[in-house]
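Residues per chain, in single letters:
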Amino acid sequence: MSLKKIFLPAFLFIVSYTVNAQYTEVINSNRPGVSRSAFSVGTNVAQLEVGPFTVKEEHTPLNYEVSGFGIDFAARYGLLLPQLELNIEGTYQNDTFTDNRSLIPDENKRSNFKNLTLGAKYLVYDPYKNSEEEKPNLYSFHANKRFQWKSLIPAVSVYLGANFDTKDNPFTAPDVEGFSPKVMIATQNNFSSGWVMVLNLIKDRIGSEFSDFQYILTLTKAINQNVVLFGETQGIKSDFYADNLFRFGGAYLWGKDLQLDTALTFNTKDTPSVFSVNFGVSYRLDFHEDAKPDNGVSAEEEAERKASKKRKKSKKDKKKGDGDSGDDKKQKKEVQDIDFDDED
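Quick caveat, the model's predicted, so the values are computed rather than measured.

Engineer: Just to check I follow, could you spell out the pairing of strand 9 (residues 227-237) for this structure?
Structural biologist: Regular strands show a simple pattern: their side chains alternate between the two faces of the sheet. As judged from the ten bridges shared by strand 8 (residues 212-222) and strand 9, these two strands associate in the antiparallel manner. By the bridge assignment for strand 9, leucine 219 is matched with glycine 231. Count of turn residues in the strand 8/strand 9 antiparallel hairpin: four residues. Summarising the sheet, strand 9 and strand 10 (residues 243-253) pair through ten bridges and their orientation is antiparallel. Its bridge partner being in strand 10, valine 227 is matched across the sheet by tyrosine 252. Hairpin connection from strand 9 to strand 10: five residues lie between these consecutive antiparallel strands.

Dropping the structure here:
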C-alpha cells in the first residue's frame with residue numbers, strides 16, 4: 001500500500017475536525033475580501049489584519065478625480081465563549097480630490113476615517129457542530145469529493161456594532177456625525193473540494209438620513225494547503241452613495257499564524273469609476289487552550305484513553321481463538337477489496 005493511501009484518510013479526518021470547530025489550527029482571516037466570516041477566531045486568540053491600498057476614482061459627468069492611498073485594519077479577539085468575537089475595524093484614507101471643471105484644476109487634499117467601528121459577533125447556528133455526517137469516508141477519497149446536500153445549510157452569525165464618525169468628514173454624508181449603530185447577518189457554507197461561500201447582509205449608520213444597505217457575497221477556493229483564490233461582489237445602496245464593486249485576488253499561508261494576501265477592486269460605471277490595489281497581512285497571537293469536559297479530562301487524554309481501550313479489546317479478542325474465525329476472514333477480505341483510487 002502506498003504512502004498516499006495510508007496518510008490521505010488521516011489527513012481528511014484532521015481537516016474535517018478542524019472545520020467543525022470554532023478554533024482552527026491555522027489562522028482564519030477575513031482578508032483579502034471585505035466580507036466577514038460567520039465563525040470567530042476562537043477563544044483567547046488575538047488577531048490583527050491590515051492592508052495598505054491605492055485608490056483611483058474618476059467621475060466623468062462631474063469631471064473630478066480622486067487619487068491616493070489608505071489602509072484597512074481589523075483587530076479581533078475571541079472572548080469567553082467559542083462563538084463570541086469582539087472586534088474593531090476601520091479604513092483610513094489619504095487622497096487628493098481634483099476638480100477639473102475649470103481651466104485651472106482645483107486640488108483639495110483630504111484625510112480621515114471612511115469608517116471606524118467597534119462591534120461584537122456571535123455565532124447563533126453551526127450546522128457542522130457534532131455532525132456525524134461530516135466525518136470523512138476513510139476508505140474512499142472520491143466519496144469525500146462528492147457534493148453533500150447538507151452543505152447547503154449555512155452557519156449563521158449576528159453582528160452588532162457602533163460606528164464613530166467625526167464632524168465634516170469628507171468621506172461620509174453631511175448629516176453623519178458621532179455614533180451610529182451597525183447590524184449584520186453573516187452566513188457561511190463550507191462545500192466539498194475546498195469551496196467556501198460567505199454572505200453578509202448589512203444595515204449601516206442606522207438612524208441617519210443617509211443610512212445604507214449593503215450585501216457582500218464572497219466565494220473562495222483552496223488550491224492547496226497554502227494558496228486560496230477568491231472572487232467577491234459588493235453592493236451598496238443609499239441616497240449618498242451607491243455602487244457595485246468587484247474584487248479578485250488570493251492569499252498565501254506563511255506558517256500557521258501568518259497570512260499574506262493581495263486583491264484588485266473595480267466597478268463598471270463612471271459615476272465614479274473605481275480601481276484599487278491592496279496588499280495585506282494577517283497575524284494571530286494564539287493563546288487558545290482546549291477546554292476540559294465535565295470529567296476534567298482533556299480532549300487529548302480522552303482520545304488516548306479510548307485508543308488504549310480499543311487496543312486492549314483487540315488483544316483480548318485475538319486470544320479467544322487459535323486461528324481466524326469466519327468473521328475474521330470476512331473482515332480481511334473486505335479490507336483487501338478496498339480501493340482508495342477507485343475513480344467511480
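Engineer: Would you mind going over unusual backbone geometry with me for this structure?
Structural biologist: In most cases, non-glycine residues show a negative phi, while peptide bonds are predominantly trans. Residues arginine 31 and proline 32 are joined by a peptide bond in cis, for which omega reads 10 degrees. Topologically, proline 32 is positioned in the loop between helix 1 (3-19) and strand 1 (45-59). Cis geometry marks the peptide bond from threonine 271 to proline 272, where omega comes out at 0 degrees. Its place among the elements puts proline 272 in the loop between strand 11 (258-266) and strand 12 (273-286). Of note, the phi angle at asparagine 44 is positive, near 60 degrees, even though the residue is not glycine. Accessibility expressed as a relative area gives 34% for asparagine 44, which makes it partly exposed.

Parameters and conventions
Residues numbered from 1 in each chain as written. Predicted model: local features only at pLDDT ≥ 70, side-chain atom pairs only at ≥ 80, totals over all residues. Heavy atoms only, no water. Pairing = 2+ DSSP bridges. Helix = DSSP H or I, 4+ residues; strand = E, 2+ residues; numbered from the N terminus. Buried < 20%, exposed > 50% of the residue type's maximum accessible area, 1.4 Å probe, protein only.

These figures come from the coordinates and say nothing about function on their own.
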